Amino acid sequence: MKIFTRMNFTLLLLFLQLLALAVFAGWVVRTFVVLYYIGVAFSVLVFSFVLKKDQASVYKITWLIVILAFPPVGGVFYMFFGNKHPVRKIAAHVREHAIIAKLLDDDGNLPFVNQVQCGRMYSLMQYIRKSSSYHAYINTETKYYPMGELMFDDMLYEINHAKKFIFIEFFIIKSGEMWDTLLSALEKKADEGVEIRLIVDHLGSHKLFTRKYIKVLRAKKIRVLRFNPMVPFLLLFMNNRDHRKIVVIDGKAAFTGGMNIADEYINVEKRFGVWKDTGVRLRGDAVWSFSLMFIEMWDTFCKKDERIRDYQSYKNEEKFISDDGFVIPYGDTPLDNEHLGENVYVDILTQATKYAYIFTPYLIISEKLVSALQLTAKRGVDVRIITPGIPDKKLVHRLTRSYYRYMLEAGVKIYEYSPGFLHAKGIVSDDETAVVGTINFDYRSLYLHFECAVLMHKTSIIKDIRDDALLAAKEGREITLRDTKWRLGTDLLDAVLHLFAPLM
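To start, this report covers the structure provided alongside it. Note that the structure is predicted; figures quoted are calculated from it, not measured. (Residues numbered from 1 in each chain as written. Predicted model: local features only at pLDDT ≥ 70, side-chain atom pairs only at ≥ 80, totals over all residues. Heavy atoms only, no water.)

Some remarks on the side chain of N260
Then step 1. As for its placement among the helices and strands, N260 is situated in the loop between β6 (253-257) and β7 (274-276).
Then step 2. A residue is classified by how much of its surface remains accessible, and N260, at 1% relative accessible area, is buried.
Then step 3. At a separation of 3.5 Å, a polar atom in the side chain of N260 contacts the main-chain amide nitrogen of F171.
Then step 4. Here N260 is in contact with F170, F171, I172, M178, K245, Y265 and H423, once residues within four sequence places are set aside. (Helix = DSSP H or I, 4+ residues; strand = E, 2+ residues; numbered from the N terminus. Buried < 20%, exposed > 50% of the residue type's maximum accessible area, 1.4 Å probe, protein only. Polar contact = N/O pair within 3.5 Å; in protein donor to acceptor, adjacent residues only side chain to side chain. Contact = heavy atoms within 4.5 Å.)

Given below as structure tokens:
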């Protein structure tokens, strides 16, 4: 393992800056007594402000503890790190999203969606449209993948038949057989004149995507955007990562799901037993939303001279007829105050009358989702949550397990996927509604990351997702209340972990 890497050096500098700020603040309040009392008074004001702020309770509690623990400087620390927004990034994102929203609204292929057609789901469709501009589509074929390797095979097939463009966006891309296979296909398409654009998150893909390697890819006619590069300065925006997984080919086909580009995701490498991921492919009108979703991210964060101007050239004009229900691709951003991913999950739980089955690798959730899950189960709905049997991060899995008792006591059933690590994300309910995408049931996905998903209503693959969830539960170990009995050591650890839950 390399210790002296650019990423480790950056993290070390960030830590040293925090330490230096803490030492300097301590020196100031000890040296200048007046500043001590001013700092305490300011912290009291900030404490009151945080207490009434419209924010998840766990975030408020964490900062309230910091302010109380360090009254002379706690308020100042909050103003610097707890309440600071990346203003320029927000402005750029708002401008680009306004363009995308207009293109979505101008789309002539949008179906007439009403309450008669969709029942109670109509209200959720309206909420998504009003809060994010993403629409419901018909004339879209859907295909579900219960394992990452199955989706990768179809993804390669579509890429190998690309004629115009390929958009690819992933959180993690690692060197290995999977990336080598994908890169070989992309190089061939680039030589044929197909336009290729690639977005990678710097934190998730920093080991492979160095500046030198990006130059190599650009020489191969593959355009690369490294999202939010890690820098050795204390910036709140560094905590917001691009966790999306999107592949769009010629505006005709789009893929999304939990799968990243690394060998464990297709079970070439066995790191944690069987790696279970899920995904979905769209063909038809709804692909346009994923094209625009990618373009919005590209244009917001790339250099001005590399922005996309001719948006319509990326739209598929071929007519596609499919009677396969309603499909709504949507993106969630941390740069607004709308917790779209969480609200969609809560609404589906609220509407469920028979069952709601959930895939998630991490269960680290707010009181809003806790209450929604508990209430849904108490109403007599069959609520099942499937989590990993073999964890990828032991401390995070410990935190996930700390939520089990709350769920079990309310009647929620929990299964740990025994064959290995479950990385799938989504929910299926009542044989009518499902979400498949990148959004975990955890704070990072729901509040801090850029995410994406597909909401499907009355599509043909709903029952495939249901059957896959039932099979995963059958292959797993059902957790009982006896498995969660109180132990002093673990309960103390859980209490501490809950304070840092928003960061995990």
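Here the narrative resumes, following the displayed structure.
Here's the deal with the sheet that holds strand β2 (residues 165-170)
Then step 1. One open sheet accounts for seven strands, arranged β1-β8-β6-β5-β2-β3-β4; its pairing is mixed. Two strands bound the open sheet, and with one partner strand each, they are β1 (140-145) and β4 (222-227). Adjacent strand axes in the sheet meet at a mean angle of 10° when their direction is disregarded.
Then step 2. When strand β3 (residues 195-201) meets β4, the two strands line up parallel, connected through six bridges. The residue of β4 that forms the bridge with L198 is V224.
Then step 3. Strand contacts of helix α11 (residues 211-219): β3 and β4, with the helix running at about 150° to β4, the strand carrying the most contacts. (Pairing = 2+ DSSP bridges. Axes fitted to C-alpha atoms, helices over the stretch in contact; angles between N-to-C directions.)

With respect to the side chain of K189
Then step 1. Tracing the chain through its elements places K189 in helix α9 (residues 177-191).
Then step 2. You can call K189 buried: its relative accessible area is 4%.
Then step 3. Non-local contacts of K189, meaning those with residues more than four positions away in its chain, are made with I159, N160, H161, A162, I166, V194 and I196.

Describing the packing of helix α13 (residues 340-351) against helix α14 (residues 367-378)
Then step 1. Look at α13 against α14: their axes get within 9 Å of each other, and the N-to-C directions meet at 15°. Comparing the axis directions of α13 and α14 gives the class roughly parallel. For α13 against α14, the interelement crossing comes out left-handed. Contact residues: α13 offers E342, N343, Y345, V346, L349 and T350, while α14 offers K368, L369, A372, L373 and T376.
Then step 2. For the contact of α13 with α14, the per-class residue count stands at six nonpolar, three polar and two charged. (Parallel < 35°, antiparallel > 145°, perpendicular 65-115°, else oblique. Left-handed = near helix turned anticlockwise from the far one by under 90°. Nonpolar A, V, L, I, M, F, W, Y, C, P; charged D, E, K, R; others polar.)

Side note on a nonpolar patch on the surface
Then step 1. Nonpolar side chains collect at one region of the surface, where W27, F32, V34, L35 and I38 lie side by side and expose about 490 Å² of accessible area between them.
Then step 2. With respect to the helices, strands and loops of the structure, F32 is situated in the loop between α1 (6-31) and α2 (33-52). (Patch = residues over 30% accessible without salt bridge, like charges linked within 9 Å, V, L, I, M, F, W, Y side chains within 5 Å. Areas by Shrake-Rupley, 256 points an atom, 1.4 Å probe, with all protein chains shown as cover. Salt bridge = Lys/Arg side-chain N within 4 Å of Asp/Glu carboxyl O.)

Focus: the pattern of salt bridges
Then step 1. The tally for this structure, following the rule as stated, stands at 27 salt bridges.
Then step 2. Close ionic contact of E264 with R271 constitutes a salt bridge, the shortest N to O distance being 3.0 Å.
Then step 3. Here E264 falls in the buried class, since its relative accessible area comes to 3%.
Then step 4. Residue R271 is classed as partly exposed on the basis of its relative accessible area of 40%.
Then step 5. K368 is paired through a salt bridge with E342; the nearest N and O atoms lie 3.4 Å apart. With K368 in helix α14 and E342 in helix α13, the pair connects residues that are 26 residues apart, well separated along the chain.

Quick look at empty space enclosed by the protein
Then step 1. Using the criterion set out here, one finds two cavities of 30 Å³ or more in the structure.
Then step 2. Its boundaries defined by the atoms lining it, the largest cavity holds a volume of some 50 Å³.
Then step 3. Taken together, the elements giving at least two residues each to the lining of the largest cavity come down to β10 (355-359), β15 (426-429) and β16 (433-437).
Then step 4. Per-element tally for the lining of the largest cavity: the top contributor is β15, with three residues.
Then step 5. For the lining of the largest cavity, the residue count by class is eight nonpolar, two polar and one charged.
Then step 6. Volume-wise, the second largest cavity comes out at about 30 Å³.
Then step 7. Among the elements of the structure, α8 (148-160), β5 (246-249) and β6 are those that each provide at least two residues to the lining of the second largest cavity.
Then step 8. In terms of residue count, the dominant contributor to the lining of the second largest cavity is β6 (three residues).
Then step 9. For the lining of the second largest cavity, a count of residues per class yields seven nonpolar, two polar and one charged. (1 Å grid on protein atoms, 1.4 Å probe; cavity = no way out; pocket = protein on both sides within 12 Å on 5 of 7 lines; lining within 4 Å. Points joined across faces, edges and corners; volume = space filled by probe spheres on them.)

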